[in-house]
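Structural overview for review
Here is what each chain is made of, one letter per residue.
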Amino acid sequence: MNILETSDLGRRCGADWALRDCTLAVPEGHLVALVGPNGAGKTTLLNIAVGLTAPTEGAITVLGDIPVGSPEALDRIAFVAQDMPLYRNLSVTDMLHLTRNLNHMFDIAYARDRLDDLAVAQKRKIGKLSGGQRAQLALTLALARHPRLLVLDEPTASLDPVARHDFMATVVTAMTDDGISVILSSHVLAELERVADYLVLLTQGAVRLHGVVDDLLRQHLLVTGPAGTPADPRWHMLESREAGAQQILLVRVDSPPGTPLPVQWEARPVGVEELALAYLRESTNYTRPVSVEATP
């Protein structure tokens, strides 16, 4: 089952396109990292996926073939936005009761137990909580709905490193314990490298790269050779720089796995952060980004 499937999806904002020609098929069971620069279309895609915004063109379904915004989709998807819309003058207890009254399904006992485990005082006003505690409260409100898909839009943007680490650990635990799928938008590439196993990269409102992280990493190499040595024609070069008498290339390898490197070249694996940054830099040379899928 695909948790998110789009075909030529687009959203126009005035004269500009916030999202254009977006075609994806993301399988279930992954923690999906959605990355890209500001204005790339990440929030637009997530808002369409959870039913907050209607597309201008194209098609989208979630959790198999469920239409976005339908009652079934709303019951099975939980969303945590970057601004975490919590009422600061309410107590945590009041926020739990309000959320229960606004949702068809809300496990208030689960929410209370989880907040107790996190030492979040439930009689305290939300405005008096720390940033990390507010983030955990927003995540608890989402998880207490027992969703099949959890969508997180920059949820750790305002958190310190410790709170960000604790938040992500909770997300991973929820995936393991409850079997949910997660789509997470974030600018913190190093953090995503630690937890994500599926990558979707957007630039200029279009999909530039997507696939299972392990497959994408196997498809790319950082190769080093003497300056002036011609690159293998089977390589698609993303980045090139010189270091003394050496040249260093980050390339996509189109030859079958295990194919020997040309003489004089050495290679090492690429990390998620290196790969994402290379595609982000390369995308500035394209008027229309192209998608790159992992090989089977």
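A short tour of the structure in this document, coming up. Because the structure is a prediction, the values reported are computed rather than measured.

1. Section: the overall build of the chain
When helices and strands are tallied, the chain shows nine helices and 14 strands. The C-alpha atoms of the chain give a radius of gyration of 21 Å, which matches the 19 Å a tight globule of 296 residues would have. Across its three principal directions, the C-alpha atoms of the chain cover 65 × 40 × 35 Å. The buried share of the chain, taken over its 296 residues, is 47%. At a minimum sequence separation of 6, the contacts of the chain that also span at least 24 residues come to 70%. Counting only carbon and sulfur atoms, one obtains 52% of the accessible surface of the chain, whose full area is about 14100 Å². Taken together, the 26 basic and 35 acidic charged side chains of the chain have centroids lying 7 Å from each other.

2. Quick word on helix 9 (residues 272–282)
Within helix 9, burial applies to Val 272, Leu 275, Ala 276, Ala 278, Tyr 279 and Glu 282. Around the axis of helix 9, the buried residues are gathered within 160° of arc, so they sit on the same side.

3. Structural notes on the sheet that holds strand 1 (residues 2–13)
Strands pair in a sheet through their backbones, by hydrogen bonds, and they do so in one of two ways: parallel or antiparallel. With antiparallel pairing, the four strands of this open sheet are ordered in space as 2-1-4-5. Of all strands in the sheet, those bounded by a partner on one side alone are strand 2 (16–27) and strand 5 (66–67). With eight bridges connecting them, strand 1 and strand 2 associate as antiparallel partners. Bridged to Thr 6 within strand 2 is Leu 24.

4. A word on the sheet that holds strand 9 (residues 198–203)
In spatial order, the strands read 6-7-8-3-9-10; together these six strands make up an open sheet with mixed pairing. A strand with exactly one partner marks an edge of an open sheet, and here the two such strands are strand 6 (77–80) and strand 10 (206–212). Within the sheet, the average angular offset between the axes of one strand and its neighbour, ignoring direction, is 15°.

5. Things to note about the side chain of His 220
Structurally, the position occupied by His 220 is in strand 11 (residues 220–226). Residue class for His 220 comes out buried when judged on its relative accessible area of 0%. In this structure the side chain of His 220 is engaged in a polar contact, spanning 2.7 Å, whose partner is the backbone oxygen of Leu 216. Those residues in contact with His 220 that sit more than four places away from it in its chain are Leu 238, Val 251, Arg 252, Val 270, Leu 275 and Tyr 279.

6. Considering the environment of Glu 282
Relative to the elements of secondary structure, Glu 282 occurs in helix 9. For the pair Glu 282 and Glu 239, spaced 43 residues apart in sequence, the C-alpha to C-alpha distance is 7.5 Å. Other than its neighbours up to four places away in sequence, Glu 282 contacts Arg 208, His 236, Met 237 and Leu 238.

7. Concerning the state of the cysteines
Taken as a whole, this structure holds zero disulfides when the rule is applied. Between Cys 13, a free cysteine, and Cys 22, which holds the nearest cysteine sulfur, the sulfur-to-sulfur gap is 14 Å. Given the relative accessible area of 0%, Cys 22 is considered buried.

8. A word on the side chain of Glu 154
Considering the arrangement of structural elements, one finds Glu 154 in the loop between strand 7 (149–153) and helix 6 (161–178). For the buried Glu 154, no salt bridge is present, and the opposite-charge side chain at shortest range is Lys 42, 4.9 Å distant. Among residues more than four places away in sequence, those in contact with Glu 154 are Lys 42, Gln 82, Ser 185, Ser 186 and His 187.

9. Details of the nonpolar core
Within the largest apolar cluster, 56 residues are counted, with the highest numbers of intra-cluster contacts made by Leu 31, Leu 137, Leu 150, Leu 152, Phe 167 and Val 182. Residue contributions to this core peak at seven residues, all from helix 5 (residues 131–143). In this structure Phe 167 touches Ala 135, Gln 136, Leu 139, Leu 152, Pro 155, Thr 156 and Leu 159, once residues within four positions along its chain are discounted. Listed in part, the 28 residues of the second largest apolar core include Leu 45, Ile 48, Leu 63 and Ile 66.

10. Considering helix 5
Between its first and last C-alpha, helix 5 extends 18 Å over 13 residues, near the 18 Å set by a 1.5 Å rise per residue. For helix 5, the tally of buried residues reaches ten of 13 residues, placing the bulk of the element in the interior. Every buried residue of helix 5 is accounted for by Gly 132, Ala 135, Gln 136, Leu 137, Ala 138, Leu 139, Thr 140, Leu 141, Ala 142 and Leu 143. Where helix 5 is buried, its residues touch strand 6, helix 3 (92–102), helix 4 (108–117), strand 7 and helix 6.

11. What about the packing of aromatic side chains?
Within a pair of aromatic rings, the relevant descriptors are the distance that separates the centres and the angle that separates the planes. Throughout the structure, instances matching the rule amount to one aromatic pair. Consider the rings of Trp 235 and Trp 265, whose centres lie 5.3 Å apart with planes at 80°: the pair is edge-to-face. One end of the pair, Trp 235, is in strand 12 (residues 235–243); the other, Trp 265, is in the loop between strand 13 (246–253) and strand 14 (266–268), with 30 residues separating them in the sequence. Here the basic side chain of Arg 20 rests over the ring of Trp 17, its NZ or CZ set 4.1 Å away from the ring centre.

What counts and what doesn't
- Residues numbered from 1 in each chain as written.
- Predicted model: local features only at pLDDT ≥ 70, side-chain atom pairs only at ≥ 80, totals over all residues.
- Heavy atoms only, no water.
- Helix = DSSP H or I, 4+ residues; strand = E, 2+ residues; numbered from the N terminus.
- Rg over C-alpha atoms; globule rule 2.2 N^0.38 Å.
- Buried < 20%, exposed > 50% of the residue type's maximum accessible area, 1.4 Å probe, protein only.
- Contact = heavy atoms within 4.5 Å.
- Areas by Shrake-Rupley, 256 points an atom, 1.4 Å probe, with all protein chains shown as cover.
- Lys, Arg positive; Asp, Glu negative; His and termini not counted.
- Charge placed at Lys NZ, Arg CZ, Asp CG, Glu CD.
- Arc of directions from axis to C-beta.
- Pairing = 2+ DSSP bridges.
- Axes fitted to C-alpha atoms, helices over the stretch in contact; angles between N-to-C directions.
- Polar contact = N/O pair within 3.5 Å; in protein donor to acceptor, adjacent residues only side chain to side chain.
- Disulfide = S-S within 2.5 Å.
- Salt bridge = Lys/Arg side-chain N within 4 Å of Asp/Glu carboxyl O.
- Core = buried A, V, L, I, M, F, W, Y, C linked by side-chain atoms within 4.5 Å.
- Expected span 1.5 Å × (residues − 1).
- Phe/Tyr/Trp six-rings, centres within 6.5 Å; stacked < 30°, edge-to-face > 60°.
- Lys NZ or Arg CZ within 6 Å of the ring centre and 35° of its normal.

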